Amino acid sequence: MKKTLLLATLMAAAVAPVQAEDAEYKINPWVDCGIGAMIFPNTAPGAVISNVIWDLGTTAVTSAGSSEHTCEGSNVKAAAFIQQSYEQIVVDTANGEGQHLNAMLELLSCDAANVPAIRHEMAEVVGATNYQSQSYNEKAEAYFNVVTNYCGAA
């Protein structure tokens, strides 16, 4: 239980709501979606912890269709796409081109000119010493966070 609580607390800190440069709120599906967002609509750490405890955040990422009022926008669609095809998107990103990368960029209305910066930052993420020990969901979330640093809010 202590290990789960510690993991949830660390994830809460990692996925705090992100602000776009123009101060528009960017949707973070691990905070703004799923059961966690419904139970804790004004408490980001509570939402993340709830989503992590429930199913490691998988439902939160794919809840756009079932709970549109708590989970809207192209960022959510992109997060679900990343969640479903993370391995292919990472390969495409490493190559600098590919079908999955193009689809993700289109979902976010993101300029392909951002790909070199995304590639560079993802190389650092994948090269980190803790990368191999991360879960699939943690890796997908890290990719989502990198991409939304370069692509505008939905």
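Along each chain, residue indices are assigned from 1 in the same order as the chain's sequence is written. Given that this is a predicted model, residues contribute local features only at a pLDDT of at least 70 and side-chain atom pairs are listed and counted only at 80 or more, while totals for whole chains, interfaces and linings are drawn from all residues. Excluded from the side-chain calculations are hydrogens and water; all other atoms, namely the structure's heavy atoms, are used.

### Some remarks on the overall build of the protein chain
The condition is simple: Think of it this way: any DSSP run of H or I at least four residues long counts as a helix, any run of E at least two long counts as a strand, and we number them from the N terminus. When a residue's accessible area, from a 1.4 Å probe over protein chains only, is under 20% of the maximum for its type it is buried; when over 50% it is exposed; and in between it is partly exposed. Whether two residues are in contact is decided by their heavy atoms: any pair within 4.5 Å suffices. Values of accessible area rely on a 1.4 Å probe in the Shrake-Rupley scheme; residue burial ignores everything except the protein chains shown.
Helix and strand counts for the protein chain come out as 9 helices and 0 strands. Seen in sequence order, the protein chain has helices and strands lined up from the N terminus as α-α-α-α-α-α-α-α-α. When burial is assessed residue by residue, the protein chain has 42% of its 154 residues classed as buried. Considering only contacts within the protein chain whose residues lie at least 6 apart along the sequence, 63% involve residues at least 24 apart. Entry remark: accessible area of the protein chain is about 8,200 Å², with carbon and sulfur atoms responsible for 56%.

### Observations concerning helix α7 (residues 99-107)
Basically, it comes down to this: The arc in question is the one spanned by the directions pointing from the helix axis to the C-beta atoms.
Turning to α7, its buried residues number three or more, namely Leu101, Met104 and Leu105. End-on, the buried residues of α7 take up no more than an arc of 100 degrees, which puts them together on one face. Exposed side of α7, more than 90 degrees from the buried face: Gln99 and Glu106 are the residues found there.

### Focus: the packing of aromatic side chains
Here the distance between the centres and the angle between the planes together describe a pair of aromatic rings. Going by this rule: Stacked, tilted and edge-to-face are the three classes assigned to paired rings of Phe, Tyr and Trp, where Trp is represented by its six-membered ring and a pair needs centres within 6.5 Å; plane angles under 30 degrees give stacked, over 60 edge-to-face, the rest tilted.
One pass over the full model with this rule turns up 2 aromatic pairs. An angle of 80 degrees between the planes, with centres 6.3 Å apart, marks the rings of Tyr86 and Tyr143 as edge-to-face. On the criterion of sequence distance, the pair formed by Tyr86 in helix α6 (residues 74-95) and Tyr143 in helix α9 (residues 136-150) is long-range, its members being 57 residues apart. Overall, the relative accessible area of 4% leaves Tyr86 in the buried class.

### Notes on the nonpolar core
Defined as follows: The criterion is simple. A nonpolar core is a set of buried Ala, Val, Leu, Ile, Met, Phe, Trp, Tyr and Cys residues joined through side-chain atoms within 4.5 Å.
Counting residues in each nonpolar core, the largest one holds 21 residues, and the members touching the most others are Ile82, Tyr86, Met104, Leu108, Ile118, Tyr143 and Val147. Among the secondary structure elements, those contributing two or more residues to this core are α6, α7, α8 (115-127) and α9. Broken down by element, this core gets its largest block of residues, 6 residues, from α6. In this structure, Ile82 is in contact with Ile89, Met104, Tyr136, Ala140, Tyr143 and Phe144, ignoring residues within four places of it in sequence.

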